[in-house]
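Spelled out, the chains give:
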Amino acid sequence: MVDNSIVRAARAAATPALAGDKTVRLIIDNREVEVPEHTTILDAARAAGISIPTLCYLRELNEVGSCRVCVVEVEGIDQLVASCNNYVLDNMVVHTNSEKVRRARRMNVELLLTQHDATCPSCVRSGNCTLQSLANDLNVYHLPLRRHLSGGAWDYSYPLIRDNDKCVKCMRCIQVCEKIQTLGIWDLVSRASHTAVGVSGSRDIAETSCALCGQCVTHCPTGALRERDDTERAFEAIADPKKATLIQVAPAVRASWGEEFGLDPEVATIERLAAVLRRVGFEYVFDTDFSADLTIMEEGSELLARMQAKVAGGSNAPHGPMFTSCCPGWVRFVKGNYPQFVGQVSTSKSPQQMFGAIVKTWFAQVLDMDPRNVFCVSAMPCVAKKAEAALPTMVGQSGEPDVDCVLTVRELARMIRASHVDPAKVEPEPLDAPLGFGTGAAVVFGATGGVMDAALRSAHCLVTGENPDPDAFSEVRGMGGWRERTFDLAGTPVRTAVAHGLGNARKLLDALVAGEVDYDFVEVMACPGGCVGGGGQPIHDGLEMAAERGQVLWGLDAGAKVRFSHENPSVQACYHDFLGEPLSERAEELLHTDQSGWKMPGESA
């Protein structure tokens, strides 16, 4: 595991460093080690290149030592001590792999396995499970103890699934949800030997204000938390000769899908993924970047209209900022926790839903097909997108959903493996027209600050008639959890804010409620780092990949031939041939939604 930089960025203030100028000298496994005081034994060992296994540990989030896997032997102390939360001392002598330590670790893992459903071949985390790796490393090839599984009911139609028979009670999900996302969905339930992790207040998950961000999933060390698997629905549609099955690929997916197959970003291009998905069986492969550009045209126009109404004043003049609407986890959060701001959330649908609406209308006309025979699949870095696609407000005139099936990046990888396609051996192919082209501005939708950056680029042109430098608004980029900037737009100051991680969103909204801040335009992404850190992304236990993936997207933007959403030729054709203009009657009907048209649990009618 490494320093959790994304978690630090998502917190209000980084934990002050405890290490000072004073150093401590000790012996670890017969090696002399010198580290700053207030360094844990675990970190001291790692600094010396000595590996100590962990299970429940997450730096700055979960340092409780509950799993007892990281125990070490310290000379002069009878009991073994947890290395993750005990500091080094001068002249301390530590043994990380003595016979006593190895026996204790093995017994602790065996005890965990007695309460674990070890049907590994049918688990989504098989091959990527910390408990499985520990058992292998500790040579646990036979379990001499009787297994007892707790069971527990769950609604398997819900987008997020918990299997407590795979839970090791590490409490990571509790800590992430409480400390980073500030929702407190998970908690310890029952007592003594019956203690388990469950929904706080003994509620059903559907009764909670869960944002479906999926951060609990990506921080779980086992398969206890996962997304609902919809891969078979996609396979069934592909096999149906009456259906035209197409897939849209979200911006952030291109920065991460290759991780599932050990491919570098330079190899795992969107064009290679297009070729792979055609071999899986998809008839058309499109880019959600197209509808991200479309979103900018609609949302940017909506912002300018709102600002003009503010300047005009009057009793009906809007107040406060307009919030972005492309992140369904954020929309769920604001509806469930700050309903007074719902009217200020953009009415523009997310790129996923705009794409589905265009596919079931304009593209269906191009194909001369009944929209009911067009099956739209989304490849998304997100769990909340599954819930968004199922909203009653996201359907066409026939009542069919705009988007039929949503897959996370992990599900997409499972479909590729199930189809026995080796991406490394597939040559890249272009995406399909007319919905397969996106600009650099659309690519960065997947990184925190990207929507704001893209919107300001096109807003500047809509106001002045000229393109700005495409990097003119680069100050909105970065990993700061809550960032503020004011930009001049043809003599009008535009006060902006960007927040990622729901803990930062809560602080921003609280400041707005208190009257401490005021903005014109606010971007919020539920997941730390934005979609690149989404709950549907590949899992690397103990590693936070959002910053690295985000840099991939910003690099693609910098190298793009077209970097302004309003210059996307496919979007221009869509308006010319079908929509008319941004905010037209048809655009309002297809590309906008009523954010109050559905309710979160507890939200007043």
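Note that the structure is a prediction, hence the values are computed from the model and not measured.

**Describing the overall build of the protein**
Counting its secondary structure elements, the protein contains 19 helices and 17 strands. Taken over the C-alpha trace, the protein has a radius of gyration of 25 Å; the compact-globule value for 605 residues is 25 Å, and the two agree within 12%. Viewed in the frame of its principal axes, the protein has a C-alpha envelope of about 80 × 55 × 50 Å. Contacts spanning at least 24 positions in sequence make up 73% of the contacts within the protein whose residues lie at least 6 apart. Of the roughly 24,500 Å² of accessible surface on the protein, a fraction of 49% belongs to carbon and sulfur atoms. Here the protein carries 57 positive and 77 negative side-chain charges, and the mean point of each set is 6 Å from the other.

**Overview of the sheet that holds strand β14 (residues 405–408)**
With respect to topology, four strands assemble into an open sheet ordered β11-β10-β13-β14, the strand pairing being parallel. Taken across any chain shown, the strands that pair with only one partner, and hence form the sheet edges, are β11 (284–287) and β14. Averaged over all pairs of adjacent strands, the angle between their axes in this sheet comes to 25°, without regard to strand direction.

**Topic: the pattern of salt bridges**
Enumeration over the complete set of coordinates arrives at 36 salt bridges. Between D422 and K425 there is a salt bridge, with the nearest N and O atoms lying 4.0 Å from each other. Take D422: its relative accessible area is 35%, and that puts it in the partly exposed class. Salt bridges here are not isolated pairs; linked through shared partners, they connect D453, R457, D471, R477, D557 and R563.

**A look at the pairing of strand β10 (residues 244–249)**
Taking burial as the measure, the six residues of β10 include six buried ones, the bulk of the element. Alternating residues of β10 divide into A244, L246 and Q248 and T245, I247 and V249, and every residue in both groups is buried. With six bridges joining them, β10 and strand β13 (residues 374–380) adopt parallel strand pairing. Along β13, the bridge assignment pairs A244 with V374. Direction of pairing for β10 relative to β11: parallel, over a ladder of four bridges. Bridge pairing in β11 links I247 to V285. Of the crossover connections in this fold, the one passing from β10 over helix α8 (residues 270–280) to the parallel β11 is right-handed.

**Some words on the nonpolar core**
Ranked by internal contacts, the top residues of the largest apolar core, which has 139 residues, are W186, F323, W330, I358 and L509. If you look at the next biggest cluster of nonpolar residues, it comprises 21 residues, including I28, C84, M92 and V94.

**Regarding the environment of G440**
With respect to the helices, strands and loops of the structure, G440 is situated in helix α14 (residues 440–443). Overall, G440 belongs to the buried group, its relative accessible area being 0%. For G440 and R228, which are 212 residues apart along the polypeptide, the C-alpha to C-alpha distance reads 32 Å. Among residues more than four places away in sequence, those in contact with G440 are R457, D557, A560, V562 and R563.

**Notes on the sheet that holds strand β2 (residues 31–36)**
Taken in spatial order, the five strands make up an open sheet running β2-β1-β5-β3-β4, and their pairing is mixed. In this open sheet, the two edge strands, each paired with only one partner strand, are β2 and β4 (81–82). Relative to β2, strand β1 (residues 23–28) runs antiparallel, the two sharing six bridges. If you follow L26 over to β2, its bridge partner there is V33.

**Regarding unusual backbone geometry**
The phi torsion of most residues other than glycine is negative, and most of the peptide bonds are trans. Looking along the chain, the bond that leaves A433 and enters P434 is cis, with omega of 5°. Within the secondary structure layout, P434 lies in the loop between α13 (409–418) and α14. Of note, D29 is a non-glycine position whose phi angle comes to about 50°, a positive value. Position of D29 among the secondary structure elements: in the loop between β1 and β2.

**Considering the layout of surface pockets**
Each pocket or cavity is described by its volume, and for the largest pocket that value is around 690 Å³. Contributing to the lining of the largest pocket are 29 residues, with S150, G151, G152, N164 and A196 lying nearest its centre. Residue contributions to the lining of the largest pocket peak at four residues, all from strand β8 (residues 196–199). Along the lines of polarity and charge, the residues of the lining of the largest pocket split into eleven nonpolar, eleven polar and seven charged. Empty space within the second largest pocket amounts to approximately 540 Å³. R254, I270, E271, V443 and L556 are the residues nearest the centre of the second largest pocket, which is lined by 23 residues in total.

**Quick notes on the confidence of the model for the protein**
For the protein, mean pLDDT is 94; residues scoring 70 or higher make up 97% of the total. Note that pLDDT drops below 50 for residues 1–19; the model gives that stretch 42 contacts with residues more than four away or on any other chain.

**Here we look at the packing of helix α3 (residues 99–113) against helix α4 (residues 130–137)**
Where α3 contacts α4, the axes come no closer than 10 Å and their chain directions differ by 135°. Taken as axis vectors, α3 and α4 run oblique relative to one another. In the crossing of α3 with α4, the sense of the turn from one axis to the other is left-handed. Contacts between α3 and α4 pair V109, L112 and L113 from the former with L131, L134 and A135 from the latter. Within the contact of α3 with α4, the residues separate by chemical class into six nonpolar, no polar and no charged.

**Remarks on helix α11 (residues 351–367)**
At V359, α11 is deflected by roughly 40°, the largest bend along its length. Counting buried residues along α11, 14 of its 17 residues qualify, which places the element largely inside the surrounding structure. Count one or two residues on from α11 and you reach D368, which has phi positive near 55°.

**Quick notes on the packing of aromatic side chains**
Considering all chains together, one arrives at twelve aromatic pairs under this definition. Aromatic pair F323 and F341: ring centres 5.8 Å apart, planes at 75°, arrangement edge-to-face. Of this pair, F323 sits in strand β12 (residues 322–323) while F341 is found in the loop between α10 (328–337) and α11, placing the two residues 18 residues apart along the sequence. The two residues F323 and F341 agree in class, both being buried. Through pairs of rings, three or more aromatic residues link up here, namely F323, W330, F333, Y338 and F341. Lying over the aromatic face of W186, R162 brings its terminal NZ or CZ to 4.6 Å of the ring centre. The ring of F261 has R417 sitting right over it, with the charged end atom 4.9 Å from the ring centre.

Calculation rules
Residues numbered from 1 in each chain as written. Predicted model: local features only at pLDDT ≥ 70, side-chain atom pairs only at ≥ 80, totals over all residues. Heavy atoms only, no water. Helix = DSSP H or I, 4+ residues; strand = E, 2+ residues; numbered from the N terminus. Rg over C-alpha atoms; globule rule 2.2 N^0.38 Å. Contact = heavy atoms within 4.5 Å. Areas by Shrake-Rupley, 256 points an atom, 1.4 Å probe, with all protein chains shown as cover. Lys, Arg positive; Asp, Glu negative; His and termini not counted. Charge placed at Lys NZ, Arg CZ, Asp CG, Glu CD. Pairing = 2+ DSSP bridges. Axes fitted to C-alpha atoms, helices over the stretch in contact; angles between N-to-C directions. Salt bridge = Lys/Arg side-chain N within 4 Å of Asp/Glu carboxyl O. Buried < 20%, exposed > 50% of the residue type's maximum accessible area, 1.4 Å probe, protein only. Right-handed = clockwise from strand over helix to strand, strands pointing away. Core = buried A, V, L, I, M, F, W, Y, C linked by side-chain atoms within 4.5 Å. 1 Å grid on protein atoms, 1.4 Å probe; cavity = no way out; pocket = protein on both sides within 12 Å on 5 of 7 lines; lining within 4 Å. Points joined across faces, edges and corners; volume = space filled by probe spheres on them. Nonpolar A, V, L, I, M, F, W, Y, C, P; charged D, E, K, R; others polar. pLDDT = per-residue confidence, 0-100. Parallel < 35°, antiparallel > 145°, perpendicular 65-115°, else oblique. Left-handed = near helix turned anticlockwise from the far one by under 90°. Bend = angle between axes of the 7 residues up to and from the residue. Phe/Tyr/Trp six-rings, centres within 6.5 Å; stacked < 30°, edge-to-face > 60°. Lys NZ or Arg CZ within 6 Å of the ring centre and 35° of its normal.

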